[in-house]
Amino acid sequence: MACGLKSAIRACASEAPSRDARPPSPPQRATGRWPCRLTHKGGSMMRGHNNKRLALSACCCCVVRRAMSLSSRGVDALGLTGTATATRRAMAEARAAGTAPEWISLAIAENRLMGDILEPKLRSVAADCFLKGVHYAESWLGQPGLRSALAEAYSDLVLQETRLEARDVAVTASATSAIDLLLFALCEEGDVVMTPAPYYGSYRRDVEGRARCRLVGVEGFSRRGATPTVAELEEAMMSMAMRHTPPKVLLVSNPQNPLGTVASREELREVASLCERHDVELIVDEVFALSVFDDADADASEDFEFTSILDVTDKRAHVVYSASKDLALSGFRLGCVFSRNEELVKVLEATSVFANAGVPCQLAVQALLEDRRWLEDLWVPQLRSRLRGAWTSAQAELDKRGLKVAQTPRAGHFCLLDLYDDEESSKQNDTNAPSLDADLARRCFEGGVLLTPGSPNMGCLRHPGLFRLCYASEDKATVAEGIRRIAVATS
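Residues numbered from 1 in each chain as written. Predicted model: local features only at pLDDT ≥ 70, side-chain atom pairs only at ≥ 80, totals over all residues. Heavy atoms only, no water.

Draft legend 1. Region of interest: the overall build of the chain. If you tally the helices and strands in the chain, you get 17 helices and 15 strands. With 491 residues in all, the chain has 55% of them scored as buried. For the chain, long-range pairs separated by at least 24 residues make up 77% of all intrachain contacts whose partners lie at least 6 apart in sequence. Looking at the chain as shown, the accessible area adds up to about 21400 Å², and 50% of this sits on carbon and sulfur atoms. (Helix = DSSP H or I, 4+ residues; strand = E, 2+ residues; numbered from the N terminus. Buried < 20%, exposed > 50% of the residue type's maximum accessible area, 1.4 Å probe, protein only. Contact = heavy atoms within 4.5 Å. Areas by Shrake-Rupley, 256 points an atom, 1.4 Å probe, with all protein chains shown as cover.)

Have a look at this one:
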C-alpha cells in the first residue's frame, strides 16, 4: 500500500479511545522513560489507557526515540491530528511518492462558493486594516469595535428574543480555540465532556488535546445516522453518574455537524432543562447559524428558521461562533465565545492571550460586520441561496447514483452519506464498524475521493457506513465527479 494511502486511512479512521476508558491521568514529568502507554494499530500512535500491551512496531521506533523528551501531553497530541491537516498531509505524501491520482477532497467543511462577493469587499478594507493592525489589540478579549460588531450582528441576524452586549463577547483564534478555552475554564483535567453522536470529527482533538478532558459520544438507538433523544442523553448521564464519572459539560452543535439538521426551539428547551437537572454546563457550537436554508422548492426569501440557545436560556449556556463558516473566512482563524457569565468572560480575558486572533483580521471582520447593507442585503441572501443550490446539485447527483443520506440537511456545508443498505447494516455490530469504515475509506481513497468516516471519527461505533460529504468546498461539477467516484468505489 502506498505511503500516502496509509497516511490517509490512518488519519481518517484512527482508533478512538474505548467508551469505558478512564479519564487521562495527570501529566507526568518527562524523564528518560516513555511517559504513557501507547498502542500501535494501522501504523498510527494512539493513547491506550487500559491497554496493558505496549506494542511498538519497528516503523515506530524512530518516533519513540524522538519523543523521549516529550511530556505525556505532547505524546498524546501525536494522535490528535484534525481532518484537514491529515488530508493535506496524506495527499502531499502520495504526490511525493508519485502515487497520487487527481484526488477530489470532500472531507473538509469549507465554503468556497462566495469568492466573487468576498474578495472585492476584502480588497476595499485590507490596506486600512493592515495599517491600523500593527500594534497589540486593545484587549485580549478582542478589539472593542469587533466585540460590539459581533454582538450587534448576532443580535440582529440570529437572535429573535434577546440581545448580546459587547461585554458578552470574547474573541479567540478560531472555534477550536474557543472550545479549548471554555473547557479550560469550566472543567478539571479528566472531566467528561458528553456529546451526541454523530459529532464533528475534530471534537476529540478540541476536548482532549490541551484541556485534557475526555470526550464521550452518545449514540442514538432510534435509527441509523440519528442523534440521540434527550431521554437517551439523560439515561447516559445517569449511567455515567452511577459509575462516578458524571459529565461536566454537554457539547452540542446546532446546526448539527455532520448531519446539517437544525434543532427546534422545543428540542433546545429540553436540552437546557436536562443540563439544569443534572448540573451540567452547556456549550453550543453555532458556527453555521447564518448558513441555513430551506427546500429548493420553497420561496428563496423564506429561509429555514434557526433558534440560538441564547434565546432559550442564559443559565450556564455558552455559544461558540466563528468567521470561518458564515463569513467564509476559514483562513483568518477568528472565532469567539458568547456568554453572559461575567466571571467566565474574565477568565477568558486572562487565557485568550494564548489564542488571540491577529488584529488585522479582527479589523477586517469588524469592517464586514459593520457594513450592514452589504451584510444583510447581499452577503446573507447569497450565502443561503448558494448553499441551497450546492446541496440541490449534490442531492440530484446522489439520487442519480443511488446513494442515500442519513437525513436531509438544512444548514451547513455537508450531508451524512449512508453507504450501507438496511439489510447489510443490520448484520453489523460495534465491534467491526471501525474496520468496515476503514475499508470503505480505503476504497474511496483508491478511487480518488476523500471523505470523513463516521467510525470512529464521528462516534458512529454502532453503525458502519456513515460518511460526511462536504459539497460547498468545490464547484458543482467537481462535487458531482466526486460523488460518481464514491458510487463506483462502493459498488
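Draft legend 2. The arrangement of the nonpolar core in detail. Within the largest apolar cluster, 96 residues are counted, with the highest numbers of intra-cluster contacts made by Y154, F338 and W379. Considering every element that reaches this core, the biggest residue donor is helix 14 (residues 372–401), with 10 residues. Not counting residues up to four positions away in its chain, the partners in contact with Y154 are L159, L164, E286, A289, F306, S308, V319, Y321 and F338. Residues L141, C187, V193 and V249 belong to the second largest nonpolar core, which totals 33 residues. (Core = buried A, V, L, I, M, F, W, Y, C linked by side-chain atoms within 4.5 Å.)

Draft legend 3. Spatial organisation of the sheet that holds strand 14 (residues 452–453). Here we have 4 strands laid out as an open sheet, ordered 11-12-15-14, and antiparallel in their pairing. A single partner strand is all that each edge strand has here, and the edge strands are strand 11 (404–405) and strand 14. For strand 11 and strand 12 (residues 414–418), the ladder comprises 2 bridges, and the chain directions are antiparallel. Note on strand 12: the bridge partner recorded for K404 is D418. (Pairing = 2+ DSSP bridges.)

Draft legend 4. The packing of helix 9 (residues 230–242) against helix 10 (residues 265–277), seen in detail. Closest axis-to-axis distance for the helix 9/helix 10 pair is 10 Å, and the angle between their directions is 15°. With respect to each other, helix 9 and helix 10 are oriented roughly parallel. Every pair of crossing elements has a handedness; the one defined by helix 9 and helix 10 is right-handed. Taken together, the residues of helix 10 that come into contact with helix 9 (itself represented by V230, L233, E234 and M237) are E270, V271, L274 and R277. (Axes fitted to C-alpha atoms, helices over the stretch in contact; angles between N-to-C directions. Parallel < 35°, antiparallel > 145°, perpendicular 65-115°, else oblique. Left-handed = near helix turned anticlockwise from the far one by under 90°.)

Draft legend 5. Region of the structure containing the packing of aromatic side chains. Following the criterion strictly, the structure yields 9 aromatic pairs and no others. Here Y136 and W140 contribute two aromatic rings whose centre-to-centre distance is 5.9 Å and whose plane-to-plane angle is 70°, an arrangement assigned as edge-to-face. Residue Y136 is classed as exposed on the basis of its relative accessible area of 72%. Summarising the aromatic geometry, the rings of F288 and F414 are spaced 5.2 Å apart at their centres and angled 90° between planes, so their arrangement reads as edge-to-face. Taken as a pair, F288 in the loop between strand 8 (281–285) and strand 9 (317–322) and F414 in strand 12 lie far apart in primary sequence, 126 residues in all. Site record: aromatic cluster; members linked through ring pairs are Y154, Y321 and F338. (Phe/Tyr/Trp six-rings, centres within 6.5 Å; stacked < 30°, edge-to-face > 60°.)

Draft legend 6. Fine view of unusual backbone geometry. Backbone torsion omega between N254 and P255 reads -5°, so that peptide bond is classified as cis. Mapping P255 onto the fold places it in the loop between strand 7 (247–253) and helix 10. A cis amide bond links S455 to the next residue, P456, at an omega of 0°. Structurally, P456 can be placed in the loop between strand 14 and strand 15 (466–470). The phi dihedral of R212 is positive, around 60°, even though this residue is not glycine. Residue placement: R212 occurs in the loop between helix 8 (203–208) and strand 6 (214–219). Among the residues examined, R212 registers a relative accessible area of 3% and is labelled buried.

Draft legend 7. Layout of the pairing of strand 12. Across the 5 residues that make up strand 12, a large majority, 5, are buried. Covered by surrounding structure in strand 12 are F414, L416 and D418 together with C415 and L417, the residues of both alternating faces. Direction of pairing for strand 12 relative to strand 15: antiparallel, over a ladder of 5 bridges. What sits directly across from L416, in strand 15, is R468.

Draft legend 8. Inspection of helix 17 (residues 476–490) at higher detail. Taking 1.5 Å of rise per residue, 15 residues should cover 21 Å, and helix 17 covers 21 Å from first to last C-alpha, within 8% of that figure. Along helix 17, the positions that sit buried rather than exposed are V479, A480, G482, I483, R485, I486, A487, A489 and T490. On the buried face of helix 17, the contacting elements are strand 3 (104–105), helix 14, strand 12, helix 16 (433–446), strand 13 (449–450) and strand 15. Its side-chain oxygen at 3.1 Å from the backbone nitrogen of A477, D475 defines the N-terminal cap of helix 17. (Expected span 1.5 Å × (residues − 1). Polar contact = N/O pair within 3.5 Å; in protein donor to acceptor, adjacent residues only side chain to side chain.)

Draft legend 9. Spatial organisation of the environment of S71. Mapped onto the secondary structure, S71 falls in the loop between helix 2 (58–66) and helix 3 (72–77). A distance of 3.1 Å separates a polar side-chain atom of S71 from the backbone nitrogen of G74.

Draft legend 10. Summary view of the packing of helix 5 (residues 115–132) against helix 14. One can describe the packing of helix 5 onto helix 14 by two numbers: an axis separation of 11 Å at closest approach and a directional angle of 150°. Judged by the angle between their axes, helix 5 and helix 14 are roughly antiparallel. Each of D116, I117, L118 and K121 in helix 5 lies in contact with helix 14, whose residues at this interface are W374, L378, W379, Q382 and R386. Per-class residue counts for the contact of helix 5 with helix 14 are 5 nonpolar, 1 polar and 3 charged. (Nonpolar A, V, L, I, M, F, W, Y, C, P; charged D, E, K, R; others polar.)

Draft legend 11. A nonpolar patch on the surface, seen in detail. Taken together, the side chains of Y136, W140, V353 and F354 make up a nonpolar region of the molecular surface, amounting to roughly 500 Å² of accessible area. You can see V353 is positioned in the loop between helix 12 (342–351) and helix 13 (359–370). (Patch = residues over 30% accessible without salt bridge, like charges linked within 9 Å, V, L, I, M, F, W, Y side chains within 5 Å. Salt bridge = Lys/Arg side-chain N within 4 Å of Asp/Glu carboxyl O.)

Draft legend 12. The arrangement of helix 16 in detail. The terminal C-alpha atoms of helix 16 lie 20 Å apart, and with 14 residues this matches the ideal 20 Å at 1.5 Å per residue to within 8%. After helix 16 finishes, the residue G448 shows a positive phi value of roughly 90°.

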